[in-house]
Amino acid sequence: MPDLCGVQLRGPILNASGTFDAIAARRAFGDALLDAFPFDCFVSKTITVAPRQGNPPPRLWETASGMLNSIGLPNKGLDGFLAHDLPELARLPVPLCVSVMGFDSGELARLVAAVGARPEVALIELNLSCPNVETGVLVGADPDATAAAVERVRAEAELPLIAKLSPNAADPAAVARAAEGAGADGVSLINTIRGMALHPTTREPWLGARSGGLSGAAVRPVALEQVAAVAAAVEVPVVGMGGVASGRDAADLLAVGAAVVAVGTESFRDPAAGRRISAELAAIRSARPAAERGRVG
Amino acid sequence: MTDDRRPRTLAPPERRIAEVVEARRLGAYDLIVARDAIGPANPRPGQFYMLAAGERWGADGDGRPYLPRAFSFARVRPLPGGQGADLSFLLEDVGPGTRRLGELAAGDPLALLGPLGHGFAPPPEGRRPLLVGGGIGAAPVLCWDDELRAEGVEATVLLGFRGAGHAAAADLFVGAPEVCTDDGSVGRRALVTEPLRAELEADPAATVYACGPEPMLEAVRALCAELDVPAELALEAGMACGYGACFGCVVPTVDGYARVCVDGPVFPADRLVAHA
Ligand SMILES: Cc1cc2nc3c(=O)[nH]c(=O)nc-3n(C[C@H](O)[C@H](O)[C@H](O)COP(=O)(O)OP(=O)(O)OC[C@H]3O[C@@H](n4cnc5c(N)ncnc54)[C@H](O)[C@@H]3O)c2cc1C
Ligand SMILES: Cc1cc2nc3c(=O)[nH]c(=O)nc-3n(C[C@H](O)[C@H](O)[C@H](O)COP(=O)(O)O)c2cc1C
Ligand code: FES
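Cut-off values and rules
- Residues numbered from 1 in each chain as written.
- Chains lettered and ligands numbered in written order.
- Predicted model: local features only at pLDDT ≥ 70, side-chain atom pairs only at ≥ 80, totals over all residues.
- Heavy atoms only, no water.
- Contact = heavy atoms within 4.5 Å.
- Buried area = accessible area lost by both parts, 1.4 Å probe.
- Salt bridge = Lys/Arg side-chain N within 4 Å of Asp/Glu carboxyl O.
- Polar contact = N/O pair within 3.5 Å; in protein donor to acceptor, adjacent residues only side chain to side chain.
- Near = heavy atom within 4 Å.
- Areas by Shrake-Rupley, 256 points an atom, 1.4 Å probe, with all protein chains shown as cover.
- 1 Å grid on protein atoms, 1.4 Å probe; cavity = no way out; pocket = protein on both sides within 12 Å on 5 of 7 lines; lining within 4 Å.
- Sits in = over half its atoms within 2 Å of the grid points.
- Nonpolar A, V, L, I, M, F, W, Y, C, P; charged D, E, K, R; others polar.
- Phe/Tyr/Trp six-rings, centres within 6.5 Å; stacked < 30°, edge-to-face > 60°.
- Helix = DSSP H or I, 4+ residues; strand = E, 2+ residues; numbered from the N terminus.
- Buried < 20%, exposed > 50% of the residue type's maximum accessible area, 1.4 Å probe, protein only.
- Lys NZ or Arg CZ within 6 Å of the ring centre and 35° of its normal.
- Pairing = 2+ DSSP bridges.
- Right-handed = clockwise from strand over helix to strand, strands pointing away.
- Domains from an automatic or database assignment.
- Expected span 1.5 Å × (residues − 1).

A.B. asks: Honestly, the interface of chain A and chain B in this entry has me stumped. Any pointers?
C.D. replies: How big an interface is tends to be stated in terms of the accessible area lost upon association of its parts. On the side of chain B, 37 residues touch chain A, which itself brings 39 residues to the contact. Buried surface at the junction of chain A and chain B, summed over both partners, amounts to about 3,000 Å²; 58% is from carbon and sulfur atoms. Three residues stand out in chain A for area buried against chain B, namely R27, E62 and R269 of chain A, and they jointly supply 27% of the buried area on that side. Our count for the contact surface shared by chain A and chain B stands at 5 salt bridges. In this structure, the salt-bridge partner of E62 of chain A is R69 of chain B, at a minimum N-O distance of 2.8 Å. At the boundary of chain A with chain B, the tally comes to 16 residue pairs in polar contact (both at pLDDT 80 or more).

Here it is as structure tokens:
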């Protein structure tokens, strides 16, 4: 059984934050969703202190083997999340990780303290890297800003903290080392890569927020390189993600040092993608001699 | 915005493979019938499926289509035994996804997820159903008309099309829908909202159900608001997932942004905010 920062997981496949709404999925699929839950740990959509409507539509653009999104972190805010979403997410058959984003370090500290006080929560992911929102600076692109943010919130909760890194950084490994040095128990990557598309006839930006983040198969080689660089730079476990669509993609990320793997955009193509990828990964692993198997975390 | 009183048949929680059993050209549209042996026999009219060709999806040379595409089912025929159904889809070629699906032939695999979203709610006592379809929006109107007929209700059906090629879709209807075309090649030369106004002014004790292009839906919404007639509108939006996972498919409503895939695609017209 994989262990992620001290939390026992039944398997190595998580969902990527913001790519699976277990509450909406339960409305669409009923309890059958829980009987064969596609992930071994559930990561919530990123929440913020204040409720957010998200960006104006259109929010999606399909690219060659991928997609751009400018969702803009719609969420009910901290109080709404704790009152309405957390009790429902606590009924999922797997440990819960809550993703949080603060627009300043005080907000982030408040989120970590409030979420960390809830016994339903096993892990907290610090989203330092969302490129869609005007944070002024992108904390996750800068080692010093990342270290300061993690240091500020470290004492607010006893739960493991996973720092989600931005791929839009000059040196993700340096940011990862800064997060680890400031007390992060793990790091996760990659988030979406900034991108843009124009309306086919007007040549105006297509997305309501003008630019967005690229995900899906198109980002897979970028993710593999960054996960390899980060895993080589830190001791803490690495959650690898970016374009994972098959057991082989998951095995690749594990081979370069990820402890566990998250599935994002592929779940849009099939809500059961996580389960299929787990099965494919298990088949790949059992087909190889034990000595060759990658680190399981 | 959640209104779980509106009809919804649950989908199996995974993408499955159906077999195309019929594929043909219908005027300007393509019609495919898929044998979905695993899914429910009773999707609700207005619900939709996410479809992708089972093979060579993404083979148009530019890495698209990548995501599945949303389609209302146009007709359902339960399979013997109570499980599974033959599902008809009416397709309009507007890009790489619809083109690839239109190329499917009998025997080909079709990947599908659904039924998704909410369907049309039955009309309240004392109100007659008035169904309005524009273009490819005829698809959910067809299965809603089928279902009302099966319950012994003969609804008034008004359909609008660009011209004769598209109006071929009217031939799928069991009754005799009133057809309007932009060019007058079939039926009346009018916008479908003209006969709709006449119907509602003659007898406003109706509930309107409409699906079609945005300007048509906006005209229906405004007309029904003016005449104080309840209406349910089936909307479209660009979708990545179809089951509430991505938050990509939102439309503005009086309660803020709502996801078309899980909060719709059928919305009560009075919940929607007029588009600028
Ligand atoms: C609930 C619902 C039910 C529907 N029912 C039906 C139905 O019964 N029959 C039917 O034919 N259609 C139906 N549609 C519409 C159908 O889903 C779209 O026509 C289809 O997704 C288009 O895919 P495409 O690849 O052919 O075209 P695309 O290339 O995706 O183009 C479609 C439109 O999207 C925009 N667009 C262009 N390029 C991109 C891009 N790269 N990324 C994002 N957007 C782009 C443009 O506005 C273009 O006109 C329904 C839609 C919804 C939401
Ligand atoms: C529609 C969408 C919404 C996302 N929302 C969030 C979010 O709320 N928080 C976050 O940390 N990452 C978010 N992400 C990024 C994903 O978690 C993931 O890092 C990225 O998509 C790469 O993985 P993938 O290629 O498997 O999708 C989002 C991605 C997508 C496509
Ligand atoms: S299409 Fe993904 S949330 Fe509606």
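So much for the structure itself; the text now carries on.
A.B. asks: Would you explain the site of ligand 2 in this entry?
C.D. replies: Within the structure, ligand 2 sits among 24 residues, and S17, T46, I190, G243 and T265 of chain A are positioned closest to it. Site remark: ligand 2 is flanked by residues from chains A and B. Here an oxygen atom of ligand 2 sits 2.9 Å away from a polar atom, N or O, in the main chain of G216 of chain A. Here an oxygen atom of ligand 2 sits 2.7 Å away from a polar atom, N or O, in the side chain of T265 of chain A. Coverage of ligand 2 by the protein chains reaches 98% of its 610 Å² of free accessible surface. Of all the cavities here, the one that holds ligand 2 is the largest cavity. Considering only residue class, the shell around ligand 2 consists of 8 nonpolar, 14 polar and 2 charged.

A.B. asks: How do you make sense of the packing of aromatic side chains when you look at a structure like this?
C.D. replies: Each aromatic ring pair is specified by the distance between its two centres and by the angle formed by the two planes. Evaluated as defined, the whole model comprises 13 aromatic pairs over all chains. Ring geometry for F20 of chain A and F39 of chain A: centres 5.1 Å apart, planes at 80 degrees, overall edge-to-face. Here F20 of chain A is found in the loop between β3 (13–15) and α1 (22–29), whereas its partner F39 of chain A is found in the loop between α2 (32–35) and β4 (42–43), with 19 residues between them in sequence. F39 of chain A gets classed as buried once you look at its relative accessible area, which sits at 0%. When the centroid spacing of 5.3 Å and the interplanar angle of 75 degrees are considered together, the rings of W144 of chain B and Y209 of chain B count as edge-to-face. Here Y209 of chain B lies in strand β12 (residues 206–211) and W144 of chain B lies in helix α2 (residues 138–150), a separation of 65 residues in the sequence. Each member of the pair, W144 of chain B together with Y209 of chain B, is buried. By the ring-pair criterion, three or more aromatic residues cluster together here, those being F20, F29, F37, F39 and F42 of chain A together with Y243 of chain B. For the cation-ring pair, R59 of chain A lies above Y257 of chain B, with the distance from its terminal atom to the ring centre recorded as 5.0 Å.

A.B. asks: Would you explain the environment of A22 of chain A in this entry?
C.D. replies: Residues and elements named next belong to chain A. Mapping A22 onto the fold places it in helix α1. For A22, a relative accessible area of 3% corresponds to the buried category. Once the C-alpha coordinates of A22 and S215 are considered, the two residues, 193 residues apart in sequence, prove to be 20 Å apart. Setting aside residues up to four positions removed in sequence, A22 forms contacts with L33, F42, L89 and L92.

A.B. asks: Explain the pattern of salt bridges here, please?
C.D. replies: Pairing is possible between side chains that carry opposite charge, provided their charged atoms lie close to one another. As enumerated under the stated definition, the model contains 33 salt bridges over all chains in all. Salt-bridge contacts for D85 of chain A lead to K76 of chain A; the nearest nitrogen and oxygen are separated by 2.6 Å.

A.B. asks: It is not clear to me how the sheet that holds strand β9 (residues 161–164) of chain A should be interpreted in this structure. Could you clarify?
C.D. replies: Strands pair in a sheet through their backbones, by hydrogen bonds, and they do so in one of two ways: parallel or antiparallel. The strand order β3-β14-β13-β10-β9-β8-β7-β4 (chain A) describes an open sheet built from 8 strands, whose pairing is parallel. Taken across any chain shown, the strands that pair with only one partner, and hence form the sheet edges, are β3 and β4 of chain A.

A.B. asks: Even after reading the chapter, I still don't get the pairing of β12 of chain B, so can you show me in this structure?
C.D. replies: Residues in a regular strand project their side chains so that they alternate between the two faces of the sheet. Residues and elements named next belong to chain B. Counting buried positions along β12 gives 6 out of 6 residues, so the element sits mostly inside the fold. A two-sided burial pattern is seen for β12, the buried positions comprising A206, V208 and A210 on one face and T207, Y209 and C211 on the other. Relative to strand β13 (residues 231–234), β12 is paired through 4 bridges, and the arrangement is parallel. Bridge pairing links Y209 to E232 in β13. Tracing the backbone out of β12, into helix α5 (residues 214–227) and back to the parallel element β13 gives a crossover that is right-handed.

A.B. asks: Just to check I follow, could you spell out the site of ligand 1 for this structure?
C.D. replies: As a structural note, the neighbourhood of ligand 1 is formed by 24 residues, with E62 of chain A together with A70, L90, G97 and T98 of chain B the closest of them. Looking at what sits near ligand 1, you find residues from chains A and B. Between S72 of chain B and ligand 1, the recorded distance is 3.0 Å, taken from a backbone N or O atom to a nitrogen atom. One of the backbone N or O atoms of P96 of chain B is found 3.5 Å from an oxygen atom in ligand 1. Secondary-structure elements contributing two or more residues to the shell around ligand 1 are β5 (60–63) of chain A together with β4 (69–72), β6 (85–91) and α1 (96–102) of chain B. In terms of residue count, the dominant contributor to the shell around ligand 1 is β4 of chain B (4 residues). Of the residues that constitute the shell around ligand 1, the class distribution is 15 nonpolar, 4 polar and 5 charged. The residues that make up the shell around ligand 1 include at least three from each of domain 1 (16–116) and domain 2 (128–271) of chain B.

A.B. asks: Hey, could you run me through helix α3 (residues 77–89) of chain A in this one?
C.D. replies: Along an α-helix, residues three or four positions apart point the same way, because every turn accommodates 3.6 residues. The end-to-end C-alpha separation of α3 of chain A is 15 Å, well short of the 18 Å expected for 13 residues at 1.5 Å each. Considering only its buried residues, α3 of chain A is in contact with α1, β4, β7 (96–100) and α4 (105–116) of chain A.

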